[in-house]
Amino acid sequence: LITCAYHLIRNKQEVLFLTRLHVILAIICCGLGVMQYLMLSMGICRTTDNLSGSDLFRASIEYKCLVGGSLVFSPSQNMIRLPGTFVAPWQWAWFLISNCFFTFASAFGEHSLRWQIASFVGLALVFVNAVISGQRIALALVPLFTIILLILTGQVTNLKRFLPIVAGLGILILVAMAAFPDVVQGRIDSFVSRWNASPPTEFIKHQFEFTSKENRGPFGNGLGRATNSARAFGETKLIETYYPKIFYEVGTVGVAAFLLVVTVLTAVTFKTYRQLHDKSLRAYGASFWVFVLFISYNTYYYPLDVDPVAVYYWFFAGVILKLPVIEQQEEEEKRKLAELLGESPPSLPSRSK
């Protein structure tokens, strides 16, 4: 995927095509996610709220609504887990988290006002779905990473863009709280109660302790032994955090090797995007790099094993590696155009090695 991205994206127009395509996909998918929620709320689709016992809290494909797959919609129990356009709610959560990075990159990297507005609409819809889908991980990480991106990409210093986006997001949050106070409060209460009942740090610690006891040696128990899709080939364990899962399957040696791969990739992509001088390309590179950094060391759940992050991570790493080449092409084209027009060619900025 890294190689494909590097050779597929040949110039700046194709970078813009890629990012605009993702904005369109985010708007379409998140729009369908909102429709799914409204159809369930208005009773157009059957819900799990009429069931009893444990069925109130269990996702079922029988209650599929409009798009996606298994869902839970039991508002009387403050239990909502919507899948959006994906098979399961967890995949939808990570689609929203991923598109927080991509819509943000377009919002601050686009030259076209029309696409800037579309990107902000996409980002707003990602926020809305993070609330209504009932996915606590998305509710926590989408606002958090928006703030981190504003800081790490340097947009905080760009007051002309920073203040409007902060004001816009603030208005969006206030409108959402005023229009759907019960929904917003329900999601916050669900997040807090879940955190208190099972803090992520304790959950991850427990998973590491479990895999340490079950490990059979430095090379682990075998590839696929903690991967549900491999259950047709033998007995598998359900391990819900990524690095304990790797440790269980391929042991200390495998974890060390994988950490080496992602660390080298993170370092190389950081060094690559820092070479960029074009503000637009630098905004894209910074946003994509923060995504690569986060996914490289994230151990909560296993997004690198499932769509869409399993594709996004490697593909956008390849895009970052190609950005300096694209910038150089842009500079060469400007120089040739200046020579044709009889103007003095623009001085090319020096590049760090």
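Residues numbered from 1 in each chain as written. Predicted model: local features only at pLDDT ≥ 70, side-chain atom pairs only at ≥ 80, totals over all residues. Heavy atoms only, no water.

Re empty space enclosed by the protein
What counts, and what does not: We place a 1 Å grid over just the protein atoms. Points where a 1.4 Å probe fits but has no way out form a cavity, open points with protein on both sides within 12 Å along at least 5 of 7 lines form a pocket, and any residue with an atom within 4 Å of a point lines it. Grid points are joined across faces, edges and corners, and a volume is the space filled by probe spheres set on the points. Strands are runs of DSSP state E lasting at least 2 residues, helices are runs of H or I lasting at least 4, and numbering of each runs from the N terminus. All residues other than Ala, Val, Leu, Ile, Met, Phe, Trp, Tyr, Cys, Pro, Asp, Glu, Lys and Arg, Gly among them, are scored as polar; the first ten of these are nonpolar and the last four charged.
One pass over the full model with this rule turns up one cavity of 30 Å³ or more. Taken together, Thr19, His22, Phe102, Ser106, Phe288 and Phe316 form the lining of the largest cavity. At the level of secondary structure, the elements contributing two or more residues to the lining of the largest cavity comprise α2 (12-41) and α3 (89-109). In terms of residue class, the lining of the largest cavity is made up of three nonpolar, three polar and no charged.

Looking at the packing of aromatic side chains
Rules: Ring pairs shown here join Phe, Tyr and Trp side chains whose ring centres sit within 6.5 Å, with only the six-membered ring taken for Trp; geometry is labelled stacked below 30 degrees between planes, edge-to-face above 60, and tilted in between. Accessible area is worked out with a 1.4 Å probe on protein chains only. A residue is then buried under 20% of its type maximum, exposed over 50%, and partly exposed in between. Working rule: Lys NZ or Arg CZ, within 6 Å of ring centre, within 35 degrees of ring normal, means a charge sits over the ring.
A full pass over the atoms with the stated rule returns 30 aromatic pairs. An angle of 80° between the planes, with centres 5.7 Å apart, marks the rings of Tyr242 and Tyr243 as edge-to-face. Accessibility assignment for this pair places Tyr242 and Tyr243 in one class, buried. Considering the side-chain rings of Phe315 and Phe316, the 6.0 Å spacing of their centres and the 75° angle between planes classify their relative orientation as edge-to-face. In this pair, the class of Phe315 matches that of Phe316, namely buried. Over the ring of Tyr63 we find Arg46; its NZ or CZ atom is 4.6 Å from the centre of that ring. Above the face of the Tyr6 ring, Lys322 is positioned so that its terminal group lies 4.9 Å from the ring centre.

Examining a nonpolar patch on the surface
This is how the line gets drawn: Excluding any residue in a salt bridge, patches collect residues exceeding 30% relative accessible area, merging like charges within 9 Å and nonpolar Val, Leu, Ile, Met, Phe, Trp and Tyr side chains within 5 Å. Values of accessible area rely on a 1.4 Å probe in the Shrake-Rupley scheme; residue burial ignores everything except the protein chains shown. Only one rule defines a salt bridge in this text: a Lys or Arg side-chain nitrogen within 4 Å of an Asp or Glu carboxyl oxygen.
Residues Phe17, Leu21 and Leu25 make up a contiguous nonpolar surface patch of roughly 290 Å² in combined accessible area. The exposure class assigned to Leu21 is partly exposed, which follows from its relative accessible area of 35%.

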